[in-house]
There are 2 protein chains.
Amino acid sequence: MTISREDCLARDVADPLAFARARFIVPHDLIYLDGNSLGALPATAPARLADVVSREWGEDLIRSWNKNDWIGLPARLGARIAPLIGAGANEVIVADSTSVNLFKLAAAAVRARAPRRVIVSEIGNFPTDLYVLQGLEDLLGGAIELRMVPRCALMDALDDSVALIALTHIHYKTGEIHDMAAIDDRAHAVGALVLWDLSHSAGAVELHLDRDGADLAIGCGYKYLNGGPGAPAFLFVARALQPELHQPLSGWMGHDAPFDFSDRYRPAEGIARHLCGTPVVLGMAALEEGLKTFDGIRMGDIESKSAALGDLFLSLVAERCSDAGFIVSCPPSGERRGSQVALRHPEGYAIMQALIASGVIGDFRAPDVIRFGFAPLYTRYVDVWDANHRLAEIVAQRTWQQDRFRIRAAVT
Amino acid sequence: MTISREDCLARDVADPLAFARARFIVPHDLIYLDGNSLGALPATAPARLADVVSREWGEDLIRSWNKNDWIGLPARLGARIAPLIGAGANEVIVADSTSVNLFKLAAAAVRARAPRRVIVSEIGNFPTDLYVLQGLEDLLGGAIELRMVPRCALMDALDDSVALIALTHIHYKTGEIHDMAAIDDRAHAVGALVLWDLSHSAGAVELHLDRDGADLAIGCGYKYLNGGPGAPAFLFVARALQPELHQPLSGWMGHDAPFDFSDRYRPAEGIARHLCGTPVVLGMAALEEGLKTFDGIRMGDIESKSAALGDLFLSLVAERCSDAGFIVSCPPSGERRGSQVALRHPEGYAIMQALIASGVIGDFRAPDVIRFGFAPLYTRYVDVWDANHRLAEIVAQRTWQQDRFRIRAAVT
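On a predicted model such as this, the values are computed, not experimentally measured, just so you know. (Residues numbered from 1 in each chain as written. Chains lettered and ligands numbered in written order. Predicted model: local features only at pLDDT ≥ 70, side-chain atom pairs only at ≥ 80, totals over all residues.)

What about the overall build of chain A?
Helix and strand counts for chain A stand at 13 helices and 15 strands. Projected onto the principal axes, the alpha-carbon positions of chain A cover approximately 70 × 55 × 45 Å. Taking the intrachain contacts of chain A between residues at least 6 apart in sequence as the baseline, contacts between residues at least 24 apart amount to 73%. (Helix = DSSP H or I, 4+ residues; strand = E, 2+ residues; numbered from the N terminus. Contact = placed C-beta atoms within 7 Å.)

Things to note about the sheet that holds strand β15 (residues 369–373) of chain B
Residue and element names in this part refer to chain B. What the four strands build is an open sheet, ordered β11-β12-β15-β14; its pairing is antiparallel. The strands lining the two open edges of the sheet, one partner per strand, are β11 (327–328) and β14 (363–365). For β14 and β15, the ladder comprises three bridges, and the chain directions are antiparallel. Residue pairing across strands places Phe-364 opposite Ile-370, the latter belonging to β15. (Pairing = 2+ DSSP bridges.)

Looking at the domain arrangement of chain A
Residues and elements named next belong to chain A. Here chain A is partitioned into domain 1 (5–42 + 298–411) and domain 2 (69–292). The straight-line distance from the C-alpha centre of domain 1 to that of domain 2 is 30 Å. On the side of domain 2, 22 residues touch domain 1, which itself brings 26 residues to the contact. Secondary-structure elements contributing two or more residues to the side of domain 1 that touches domain 2 are α10 (299–320), β12 (340–344) and β15 (369–373). Here the element with the most residues in the side of domain 1 that touches domain 2 is α10; it accounts for five residues. In the side of domain 1 that touches domain 2, the residues fall into eleven nonpolar, ten polar and five charged. (Domains from an automatic or database assignment. Nonpolar A, V, L, I, M, F, W, Y, C, P; charged D, E, K, R; others polar.)

Considering the nonpolar core
Within the largest apolar cluster, 271 residues are counted, with the highest numbers of intra-cluster contacts made by A:Ala106, A:Leu164, B:Ala106 and B:Leu164. If we skip the residues at most four places from it in the chain, A:Leu164 touches A:Ala106, A:Ala109, A:Val110, A:Arg113, A:Ile119, A:Ala192, A:Leu193 and A:Leu195. (Core = buried A, V, L, I, M, F, W, Y, C linked by C-beta atoms within 7 Å. Buried ≥ 20, exposed ≤ 12 C-beta atoms within 10 Å, placed from the backbone.)

Observations concerning the relation of the copies chain B and chain A
With an axial shift of 0.0 Å and an RMSD of 0.0 Å, the rotation relating chain B to chain A amounts to 180°. Both copies are brought into coincidence by an operation consistent with a two-fold rotation axis. (Least-squares fit on C-alpha atoms with pLDDT ≥ 70 in both.)

Overview of the interface of chain B and chain A
At the junction of the two partners, chain B supplies 68 residues and chain A supplies 69 residues. Every element with two or more residues in the side of chain B that touches chain A is listed here: α2 (45–60), α5 (98–112), α6 (127–139), α9 (281–292) and β14 of chain B. Per-element accounting of the side of chain B that touches chain A gives the leading share, ten residues, to α6(B). Partitioned by chemical class, the residues of the side of chain B that touches chain A number 40 nonpolar, 20 polar and eight charged.

Section: helix α10 (residues 299–320) of chain B
Residues and elements named next belong to chain B. Between its terminal C-alpha atoms α10 stretches 32 Å, which fits the 32 Å expected from 22 residues at 1.5 Å a residue. Residues of α10 that are buried: Ile-302, Glu-303, Lys-305, Ser-306, Ala-307, Leu-309, Gly-310, Leu-312, Phe-313, Leu-314, Leu-316 and Val-317. On its buried face, α10 is in contact with β11, β12 (340–344), β15 and α12 (381–397). (Expected span 1.5 Å × (residues − 1).)

Section: helix α11 (residues 348–357) of chain A
Residue and element names in this part refer to chain A. Most of α11 sits out of view: eight of its ten residues are buried. Residues of α11 that are buried include every one of Gly-348, Tyr-349, Ala-350, Ile-351, Met-352, Gln-353, Ala-354 and Leu-355, and no others. Where α11 ends, the next residue or the one after it, Gly-359, has phi of about 95°, a positive value.

Structural notes on the confidence of the model for chain A
With 97% of its residues at a pLDDT of 70 or more, chain A has an overall mean of 95. Contacts from residues 407–412 of chain A, a stretch scored under 50 in pLDDT, to residues over four places away or in other chains number two contacts. (pLDDT = per-residue confidence, 0-100.)

A closer look at the packing of helix α4 (residues 73–85) of chain A against helix α9 (residues 281–292) of chain A
Residue and element names in this part refer to chain A. At a minimum axis distance of 10 Å, the contact between α4 and α9 shows a crossing angle of 20°. Judged on the interaxial angle alone, α9 and α4 are roughly parallel. Between α4 and α9 lies a crossing of left-handed hand. Residues Leu-73, Leu-77, Arg-80 and Ile-81 of α4 form the contact with α9, whose own contacting residues are Val-281, Met-284, Leu-287, Glu-288 and Leu-291. Classifying every residue of the contact of α4 with α9 by side-chain character gives seven nonpolar, no polar and two charged. (Axes fitted to C-alpha atoms, helices over the stretch in contact; angles between N-to-C directions. Parallel < 35°, antiparallel > 145°, perpendicular 65-115°, else oblique. Left-handed = near helix turned anticlockwise from the far one by under 90°.)

Observations concerning the sheet that holds β12(A)
Across a sheet, paired strands are connected by hydrogen bonds in the backbone, their directions being either parallel or antiparallel. All names here are of chain A. Spatial ordering of the open sheet is given by β11-β12-β15-β14, a layout of four strands whose pairing is antiparallel. Lying at the two open borders of the sheet, with one neighbouring strand each, are β11 (327–328) and β14 (363–365). Pairing between β12 and β15: five bridges, direction antiparallel. Within the sheet, the bridge partner assigned to Leu-343 lies in β15 and is Ile-370.

Examining unusual backbone geometry
Residues and elements named next belong to chain A. That bond from Ala-114 to Pro-115 is cis: its omega, 10°, falls within 30 degrees of zero. Locating Pro-115 in the fold gives a position in the loop between α5 (98–112) and β5 (118–122). For the bond from Ala-366 to Pro-367, the omega torsion is 0°, close enough to zero to count as cis. Among the secondary structure elements, Pro-367 is positioned in the loop between β14 and β15. For Leu-61, which is not a glycine, the phi torsion comes out positive at approximately 50°.

As for the pairing of strand β4 (residues 92–95) of chain A
Residues and elements named next belong to chain A. Across the two faces of β4 the burial is the same, with Val-92 and Val-94 and Ile-93 and Ala-95 all buried. Bridge count for β4 against strand β10 (residues 233–237) is four bridges, and the pairing is antiparallel. Opposite Ala-95, over in β10, you have Ala-233 as the bridge partner.

Here we look at the pairing of β15(B)
For β15(B), a buried count of five out of five residues is recorded, marking the element as mostly surrounded by other parts of the structure. From the end of β14(B) to the start of β15(B), which pair antiparallel, there are three residues.

A short note on the packing of helix α1 (residues 5–14) of chain A against helix α12 (residues 381–397) of chain A
Two packed helices can be described by the angle between their axes and the distance between those axes. Residue and element names in this part refer to chain A. Running from amino to carboxyl end, α1 crosses α12 at an angle of 155°, the nearest separation of the two axes being 7 Å. Here α1 is positioned roughly antiparallel relative to α12, judged by the angle of their axes. Contacts between α1 and α12 involve Arg-5, Cys-8, Leu-9, Arg-11 and Asp-12 from the first element and Tyr-381, Val-382, Val-384 and Trp-385 from the second. For the contact of α1 with α12, the class distribution of residues is six nonpolar, no polar and three charged.

Some thoughts on the environment of A:Ile71
Residue and element names in this part refer to chain A. In this fold, Ile-71 is placed in the loop between α3 (64–67) and α4. Between the C-alpha atom of Ile-71 and that of Met-253, which follows or precedes it by 182 residues, the distance is 9.3 Å. Those residues in contact with Ile-71 that lie beyond four places of it in its chain are Trp-65 and Asn-66.

Structural notes on the environment of B:Asp29
Positionally, B:Asp29 belongs in the loop between β1 (24–25) and β2 (31–32). With twelve residues separating them along the chain, B:Asp29 and B:Leu41 place their C-alpha atoms 15 Å apart.

This is the structure:
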């Protein structure tokens, strides 16, 4: 039974999250399936940024640190993120980039678990995660050892030499979800800590960090959290671990009394010790508007719709592009997949270029993966249908071949 | 001979930088002498931010990384900062916070100078600098040793055990300027590297990093560079040192080919290896407008006016507040002082509160220092006169005493 465009329009009418699309400004001429790379613009963000720039910066100037509570932004935004990931308000704070936060927490974790010296991560993990762990390994010389193992060998790699296992919860390319509770349990059984990168999870699926025994987590502000380009990132430290964790980027904002201007660092009591430099106010203001797009949203609805949109896309590919040579390279079932799908094709790059030229924005990951994200707050079922329709036209008419040599010439 | 308000108005007329004030939006009802903490709003910043938010983010979305050259922001802004500090365009890049950049470069420096293990810094240096060096020392266990010595003992502390000396070029509280060339020479004579924190220097005085033999530097975007609250920071690595320096925050943006998504970090060739995570686009766009306020400005004029404004303020204090109990705690001569002055007074906090209530914004640094900054692009001689006039009134009428107990109650 074929899925019609009308079927999809009907699903949009019945969608409990349909109202949330009005919280964004999405260009009329685009089908934007790349919210997993950069979330769409919250409708309130332009006015908020204008106010922060012209009034808070321009008029109130330095007084804004107190008057407009700039100093409270990292904790306030952390408290907004906490319920989206199943954490307590005092367990999350916003600071720096995902990469920098990974360095902080990984360094703190191996120190807390010394003399254990092994960090386990996954081959094919998001590159910056591996690079940052490699940088820590290099810096500490022989004091720690990074073991990168395939996904299938992760559980067996956990033994009592392991200080930390650092994984991305939802894989950036395949969308495959790790079983957080199972890995936390296994790691804890051997005395290791777990650090989750939630960059492709927060705002896309329902998370229960506290329930699932998570120790540490980091995540990105500019994907599903809609915080704007290069938005600051967040980090999570479970309450019970907070007193024993000491991160090395001990800048003044993590000091117990930053404005005492003493010569000796003394870490703040709680999660604030994981701050480093001065908060990036403009980026945090934009992220706050992004986080407000989740006001009143049930994360269960988010997860259900993420899965349903991806399932719909894959069904339509099977129905209409079965001869095109695509290999589905994501879990076929929405339960094991984040809010994204991935297809492999030898001409993936050219196909994605043709799709973008037709007004459908997805992205390409080398060497041959085309990737579509379905940010559930603003993506409609009919968008999925229309995107697939254009994909089917492109592969049927092989229009991407016409552009192939030109595109190849342009990128080499 | 007393200095009259008319004298100051005449100096403003003759000021070769007078035209630059129109590049800023400064509130009419304020005398803003805190540009050393947060620079004023560039007149072009509101429109630029509105465009970045609504068009680049809202309409162009993910395509902006190429279309609007978001990916080029760190290097483009570095190239704008370079001439302000006497560096080559490929020696400066914008990234992260001052604190994070200090960690990167200090870690890279001690690694490059191993087996030397000593880092020298100054007692009373800006706290975050000391805290970050302490964090690095803790992380590396016994591998390095931080020696904090008084300013007068810095030269003698340099011997062949020293890997790095890390100093703030202009002291945040006293405004005293270190002799960059002399310290660079002495450090190089014993084989050590030098890392300068230029947070209170860049945009306030004329700098010649290349001429003076500087190795490494970091600096702040939100003070004299007018980049907005929490603006991203910059870092400098001398061209000759770039190949041998490896910083540990090896995120994907410092990779030689970030979009190859390989599992192994390979640092970029030049200054780009000092990037870590995704650039903070909103903050960088604002900083770019801040940097444009220096277009066509001679840094010699900047330095002359900084010195002249501070000298004027101190002359007026001597003339009109000589009985008020102030102790000048900055160098009396503009040549040895940054674009700021500092006065000590046992009731400094209450006096600054009274000044702020009267519309003169300076700041207070514990325990007893009131501090005034004279950002030379938008501060007028008449502003200095008016600020001093209000200060003289406040101390003559002892109006600050009326507020003292109320203020004390509010801050404790």
